[in-house]
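Spelled out, the chains give:
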Amino acid sequence: MADEGRESVRRLTAEITEYQTRLQASERRALVDPLTGIANRRGFEERLEACIAAGRPFSLLLADLNEFKAANDRHGHLVGDEILRQFAGELKAQFRSEDAVARWGGDEFVALIIGSGKEASLRADRVRHWAIGDYKITLDKKTTVVKVGASLGTVTWNGAESGQELFARADKEMYLDKESCRKGDRSVELA
């Protein structure tokens, strides 16, 4: 009877371990964007709130692909998906491991940059230099070159504002940058 009890406890322990492993995997998947493989909005918001709670200095960079809908319509949704995948990879490559990069939604991406506003400016310059430009998309043995442009908004947390307030400021900066692109001050658009 004691042996049966030990075997039952062993089986139950194994089942609990399996369920815990599945739960952890499910929680990780809930925080990742399935198309791009980077964090999703939920995962990013958790990280943002943790930074605010810790009171550490950080900045936020918001990136919106210019004319993405037109490029998606012109080249098709599969090309559009590949643009998002490649841009996400290039964007993430411009940040350090302590920073956080996520797909906010649609063709909008966001990064949380740990440190000073100077560090955020450096990262924004890297994004403009390395993540924006020509992308080669190959589908069904056909290669399409798409010029990817993005408008950026970068702001530094003031130590008192909420995540929503900080995001609103970054959004405003990003739209000012987008307007600058439309006026021809900068020519970086999806084509």
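Residues numbered from 1 in each chain as written. Predicted model: local features only at pLDDT ≥ 70, side-chain atom pairs only at ≥ 80, totals over all residues. Heavy atoms only, no water.

A short note on the pattern of salt bridges
(1) Moving on: Using the criterion set out here, one finds 14 salt bridges in the structure.
(2) Moving on: The salt bridge involving Glu45 is made with Arg41; its shortest N-O contact spans 3.4 Å. Highlighted residues: Glu45 and Arg41, both in helix H2 (residues 41-54), separated by four residues, approximately one helical turn.
(3) Moving on: In this structure Glu45 comes out as partly exposed when scored by relative accessible area, which is 35%.
(4) Moving on: The partly exposed category is assigned to Arg41, whose relative accessible area is 40%.
(5) Moving on: Close ionic contact of Asp64 with Lys178 constitutes a salt bridge, the shortest N to O distance being 2.6 Å. Here Lys178 lies in helix H6 (residues 163-182) and Asp64 lies in strand E1 (residues 58-65), a separation of 114 residues in the sequence. When sorted by exposure, Asp64 lands in the same class as Lys178, which is buried.
(6) Moving on: A cluster of three or more residues bridged by salt bridges with shared partners is formed by Arg96, Glu98, Asp99, Glu119 and Arg123. (Salt bridge = Lys/Arg side-chain N within 4 Å of Asp/Glu carboxyl O. Helix = DSSP H or I, 4+ residues; strand = E, 2+ residues; numbered from the N terminus. Buried < 20%, exposed > 50% of the residue type's maximum accessible area, 1.4 Å probe, protein only.)

Digging into the packing of helix H3 (residues 68-75) against helix H4 (residues 77-93)
(1) Moving on: The contact between H3 and H4 brings their axes to 6 Å, and the two run at 135°. One way to sum up the angle between H3 and H4 is to call them oblique. From H3, Phe68, Asn72 and His75 reach across to H4, where they touch His77, Val79, Gly80, Ile83 and Leu84.
(2) Moving on: Looking at side-chain class alone, the contact of H3 with H4 contains four nonpolar, four polar and no charged residues. (Axes fitted to C-alpha atoms, helices over the stretch in contact; angles between N-to-C directions. Parallel < 35°, antiparallel > 145°, perpendicular 65-115°, else oblique. Contact = heavy atoms within 4.5 Å. Nonpolar A, V, L, I, M, F, W, Y, C, P; charged D, E, K, R; others polar.)

Looking at the nonpolar core
(1) Moving on: Counting residues in each nonpolar core, the largest one holds 28 residues, and the members touching the most others are Leu65, Ile83, Phe87 and Phe109.
(2) Moving on: Only E1, H4, strand E3 (108-114), helix H5 (117-131), strand E4 (133-139), strand E5 (142-148) and strand E6 (150-156) provide two or more residues apiece to this core.
(3) Moving on: Not counting the four nearest positions on each side in its chain, Phe87 is found in contact with Leu65, Phe109, Ala131, Tyr135, Val148 and Ala150.
(4) Moving on: Ranked by size, the runner-up nonpolar core spans 19 residues in total, among them Ala100, Ile114, Val155 and Ala170. (Core = buried A, V, L, I, M, F, W, Y, C linked by side-chain atoms within 4.5 Å.)

So, the pairing of E4
A regular strand places its side chains so that they alternate between the two faces of the sheet.
(1) Moving on: Direction of pairing for E4 relative to E5: antiparallel, over a ladder of seven bridges. Within E5, the residue paired with Ile137 across the bridge is Thr144.
(2) Moving on: In this antiparallel pair of consecutive strands, E4 and E5, the connection spans two residues, and Asp140 shows a positive phi of 50°. (Pairing = 2+ DSSP bridges.)

Some thoughts on the packing of aromatic side chains
(1) Moving on: Tallied over the full model, the rule gives four aromatic pairs.
(2) Moving on: A centroid spacing of 5.1 Å and a plane angle of 20° characterise the contact between Phe58 and Trp157, whose relative ring orientation is stacked. Of the two residues, Phe58 is situated in strand E1 and Trp157 in the loop between E6 and H6; the sequence distance between them amounts to 99 residues.
(3) Moving on: Residue Phe58 is classed as buried on the basis of its relative accessible area of 0%.
(4) Moving on: Accessibility expressed as a relative area gives 11% for Trp157, which makes it buried.
(5) Moving on: Consider the rings of Trp104 and Phe167, whose centres lie 4.4 Å apart with planes at 20°: the pair is stacked. Of this pair, Trp104 sits in strand E2 (residues 100-105) while Phe167 sits in helix H6, and the two are 63 residues apart along the sequence.
(6) Moving on: The exposure class of Phe167 is buried, given its relative accessible area of 15%. (Phe/Tyr/Trp six-rings, centres within 6.5 Å; stacked < 30°, edge-to-face > 60°.)

By themselves these figures say nothing about function.
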